[in-house]
Amino acid sequence: MNKKCKIGFIGCGKMAGAIIKGTISSKFLPRENIKGSEVNCTVAELAQSRLGIDVITDNRFLTMDSDVIFIATKPNYVTAVLDEIKDELTPEKLVVSIAAGVSTEKIEKIIGMKRVVRVMPNTPALVLEGMSGVCKGAYALDEDAEFVLELLSNIGKAIEVSEEQMDIVTAISGSGPAFFYKVIEDMARAGEKLGLEYEKSLELATQTALGSARMIMNRGEIPVQTLIDNVATKGGCTFVGISVMNDEHSDKLFYDTIEQTAKKAHELGK
């Protein structure tokens, strides 16, 4: 794959739209190299207006006209879409699926020995702060994964993992935004109960989460525990708060949360 390739998106919803907008705004590919398809004329026209690209209603034509085909439909539509386009998938084409819970093996069973890369993105991609997990199918090349990783870097960050690890990725980054929203909301409501206006409490919790995340990203070789210790001086108020979290076994809470979410993701992928 190269910067002159054509990409087609089957499904132009929010996540596909985030990838499309990031790809165009970063100049990773020119606008004219990206097209989409949708189920009917009305939806296609709306997507075309929203995204500023050509959006058609013919999945087979889109596949024939594209080097990389993103499957960006809901998971329950994937089989029907792949059945529809499989005859147009020549060996040089790359299929990239962002359908949650759909394994590369499942896709390969439908389309045969074709190059497939699976992606687990997340909703912060909508503000170009996404985190994506990427894994190769049995017939995908290293260059295929490298291309997808570079493309996704335009909407945040991306890492390559094995297929077996994708359920964990789903639990941590795919579902993770909701868990962080819950933590931020709980902190804000605690502040409200203690006498601070909710909106002020929410702003405090949100900006603190944002700043803390950036501190971790910029920490270099410093362990995260050191960052905690730097704030939680022994005998201080933060130390008391951390002690409460330890006494309440917050580590077990989050382990159980990630474990159960990953388990559900595995079940959905069967």
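About the criteria used
- Residues numbered from 1 in each chain as written.
- Predicted model: local features only at pLDDT ≥ 70, side-chain atom pairs only at ≥ 80, totals over all residues.
- Heavy atoms only, no water.
- Core = buried A, V, L, I, M, F, W, Y, C linked by side-chain atoms within 4.5 Å.
- Buried < 20%, exposed > 50% of the residue type's maximum accessible area, 1.4 Å probe, protein only.
- Helix = DSSP H or I, 4+ residues; strand = E, 2+ residues; numbered from the N terminus.
- Contact = heavy atoms within 4.5 Å.
- Pairing = 2+ DSSP bridges.
- Right-handed = clockwise from strand over helix to strand, strands pointing away.
- 1 Å grid on protein atoms, 1.4 Å probe; cavity = no way out; pocket = protein on both sides within 12 Å on 5 of 7 lines; lining within 4 Å.
- Points joined across faces, edges and corners; volume = space filled by probe spheres on them.
- Patch = residues over 30% accessible without salt bridge, like charges linked within 9 Å, V, L, I, M, F, W, Y side chains within 5 Å.
- Areas by Shrake-Rupley, 256 points an atom, 1.4 Å probe, with all protein chains shown as cover.
- Salt bridge = Lys/Arg side-chain N within 4 Å of Asp/Glu carboxyl O.
- Axes fitted to C-alpha atoms, helices over the stretch in contact; angles between N-to-C directions.

Caption draft 1: Just the nonpolar core, in detail. One finds Ile7, Phe70 and Val148 to be the most contacted residues of the largest nonpolar core, which totals 35 residues. Elements that contribute at least two residues to this core include exactly strand S1 (7-10), helix H1 (14-25), helix H2 (41-51), strand S4 (68-71), strand S5 (94-97), strand S6 (115-120) and helix H6 (142-152). The biggest single contributor to this core is H1, with six residues. Those residues in contact with Ile7 that sit more than four places away from it in its chain are Leu29, Asn33, Ile34, Lys35, Ser66, Val68, Phe70, Phe147 and Leu151. Formed by 16 residues, the second largest nonpolar core is a distinct cluster that contains Ile10, Ile71, Ile110 and Val116.

Caption draft 2: Spotlight on the pairing of strand S8 (residues 156-160). In this structure, strand S7 (residues 130-136) lies alongside S8, joined through five bridges in parallel fashion. By the bridge assignment, Val134 is partnered in S8 with Glu160. At this point the chain moves from S7, through H6, to the parallel S8, and the crossover so formed is right-handed.

Caption draft 3: Layout of the layout of surface pockets. One number sums up the size of the second largest pocket: a volume of about 640 Å³. Listed by contribution, the elements that provide at least two residues to the lining of the second largest pocket are H1 and helix H4 (78-85).

Caption draft 4: How the structure looks around unusual backbone geometry. Of note, Leu128 is a non-glycine position whose phi angle comes to about 60 degrees, a positive value. When you line up the elements, Leu128 lands in the loop between S6 and S7. Positive phi is not limited to glycine here, since His249 has a value of about 60 degrees.

Caption draft 5: Structural view of a nonpolar patch on the surface. Together, Val183, Met187, Leu253 and Phe254 make up a nonpolar patch on the protein surface, roughly 350 Å² of accessible area in all. Turning to its location among the elements, Met187 is positioned in helix H8 (residues 176-193).

Caption draft 6: Structural view of the sheet that holds S7. One open sheet holds the eight strands; their spatial order is S3-S2-S1-S4-S5-S6-S7-S8, and the pairing between them is mixed. The open sheet is flanked by strand S3 (54-56) and S8, the only strands paired with a single partner. This sheet shows a mean twist of 25 degrees between the axes of neighbouring strands, independent of strand direction. In the packing of helix H5 (residues 104-111) onto the sheet, contacts are made with S5, S6 and S7, and the angle to S6 comes to roughly 145 degrees.

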